[in-house]
Amino acid sequence: MADSINQSNIGFDAVIDKKKSIIYGVILGIISFVLGLVVLFVVKDLNSFWGVMSMSFVVNTGLFVVISALFAFSLRKANGGYWNFSIALKSIFMMLAISTIISTIGTQLYVNFINPTLQEKVVTHTINVTIEYMEKNNVPDEVIDSKIAELEKQVDSIGKITLGQVFKGLAITLMFQFVFALLLSALTKREKLAIRQDAN
């Protein structure tokens, strides 16, 4: 008599549900695109320096992380509530990659063709708020000049972004998304324990 493992009880029959990963990726991409626009429209009218500085992080990063985590758990649930690290990583990264491509292309099209003055307004307003904040806090003139020069470079670069720069930025973002996918995969990994049965 020998011990054997009943494979049907391991819970590792999960496979990548490409359709659901694509659907979730499209939805997440649209959400990310909308959040990015919300940040731009809000920041251009904010008079608080810390509000301007933190808005993008809180909305674009904070909300995106929360929504992505919820979607990752939903993908696992669609797989019967169980999946291993490899399946999780492939499913989640596919979702994040699709969302990144959609939000990046959507944002570039909007700020360069649909509303080309929006980005300039945001950067110009950021310069004004930054100067005001630094002057109130008695920051040395050379530090202020350095910061202004840095922000003015952003103004000069508006509308001059090449396709190559867009792809380079996209590649860098996808690298960060892969690291994020690794973290979400570790967080959502869940496998059933194998059940041993006696076999004749």
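Treat the numbers as computed from the prediction; the structure is a model and nothing was measured.

### Comments concerning the overall build of the chain
Move 1: Across its full length, the chain carries 6 helices and 2 strands.
Move 2: With 200 residues in all, the chain has 35% of them scored as buried.
Move 3: Pairs at least 24 residues apart make up 86% of the contacts formed inside the chain by residues separated by at least 6 positions.
Move 4: Within the structure as shown, the chain displays about 12200 Å² of accessible surface, and the carbon and sulfur contribution to it stands at 64%.

### Comments concerning unusual backbone geometry
Move 1: In this structure, Asn138 is a non-glycine residue whose phi angle is positive, near 55 degrees.
Move 2: With respect to the helices, strands and loops of the structure, Asn138 is situated in the loop between helix 4 (116-136) and helix 5 (141-157).

### Quick word on the environment of Lys90
Move 1: In this fold, Lys90 is placed in helix 3 (residues 85-114).
Move 2: Judged by relative accessible area, Lys90 falls into the partly exposed class, the value being 45%.
Move 3: Considering only alpha carbons, one finds Lys90 and Phe178, 88 residues apart in sequence, at a separation of 9.7 Å.

### A word on the packing of aromatic side chains
Move 1: Taken as a whole and assessed by the stated rule, the structure comprises 7 aromatic pairs.
Move 2: Ring geometry for Trp50 and Tyr133: centres 5.8 Å apart, planes at 80 degrees, overall edge-to-face. You can see Trp50 sitting in helix 2 (residues 49-78) and its partner Tyr133 sitting in helix 4, a full 83 residues away along the chain.
Move 3: When its relative accessible area of 54% is taken as the criterion, Trp50 is described as exposed.
Move 4: Its relative accessible area of 27% is what places Tyr133 among the partly exposed residues.
Move 5: Members of the aromatic cluster, connected to one another through ring pairs, are Phe49, Trp50 and Tyr133.

### Some remarks on the layout of surface pockets
Move 1: Considered as a void within the structure, the largest pocket measures approximately 1200 Å³ in volume.
Move 2: Lining the largest pocket are 38 residues, and of these Gly36, Ser56, Asn60, Thr107 and Gln119 lie nearest its centre.
Move 3: Only helix 1 (18-43), helix 2, helix 3, helix 4, helix 5 and helix 6 (163-188) provide two or more residues apiece to the lining of the largest pocket.
Move 4: Residue classes in the lining of the largest pocket are distributed as 19 nonpolar, 19 polar and no charged.

### Some words on the packing of helix 2 against helix 3
Move 1: Contact geometry of helix 2 with helix 3 gives a least axis separation of 10 Å together with a crossing angle of 135 degrees. Taken as axis vectors, helix 2 and helix 3 run oblique relative to one another. Along this stretch, helix 2 crosses helix 3, giving a crossing that reads as right-handed. Facing Phe64, Ser68, Phe71, Ala72 and Leu75 of helix 2, the residues of helix 3 in contact are Ser91, Ile92, Met95, Leu96 and Ser99.
Move 2: Here the contact of helix 2 with helix 3 is composed, by residue class, of 7 nonpolar, 3 polar and no charged.

### Observations concerning the packing of helix 3 against helix 4
Move 1: Contact geometry for helix 3 and helix 4: axes closest at 4 Å, N-to-C directions at 95 degrees. Comparing the axis directions of helix 3 and helix 4 gives the class roughly perpendicular. When helix 3 is examined against helix 4, the residues Tyr110, Val111, Asn112, Phe113 and Ile114 are found in contact with a partner set consisting of Pro116, Leu118 and Gln119.
Move 2: Looking at side-chain class alone, the contact of helix 3 with helix 4 contains 6 nonpolar, 2 polar and no charged residues.

About the criteria used
Residues numbered from 1 in each chain as written. Predicted model: local features only at pLDDT ≥ 70, side-chain atom pairs only at ≥ 80, totals over all residues. Heavy atoms only, no water. Helix = DSSP H or I, 4+ residues; strand = E, 2+ residues; numbered from the N terminus. Buried < 20%, exposed > 50% of the residue type's maximum accessible area, 1.4 Å probe, protein only. Contact = heavy atoms within 4.5 Å. Areas by Shrake-Rupley, 256 points an atom, 1.4 Å probe, with all protein chains shown as cover. Phe/Tyr/Trp six-rings, centres within 6.5 Å; stacked < 30°, edge-to-face > 60°. 1 Å grid on protein atoms, 1.4 Å probe; cavity = no way out; pocket = protein on both sides within 12 Å on 5 of 7 lines; lining within 4 Å. Points joined across faces, edges and corners; volume = space filled by probe spheres on them. Nonpolar A, V, L, I, M, F, W, Y, C, P; charged D, E, K, R; others polar. Axes fitted to C-alpha atoms, helices over the stretch in contact; angles between N-to-C directions. Parallel < 35°, antiparallel > 145°, perpendicular 65-115°, else oblique. Left-handed = near helix turned anticlockwise from the far one by under 90°.

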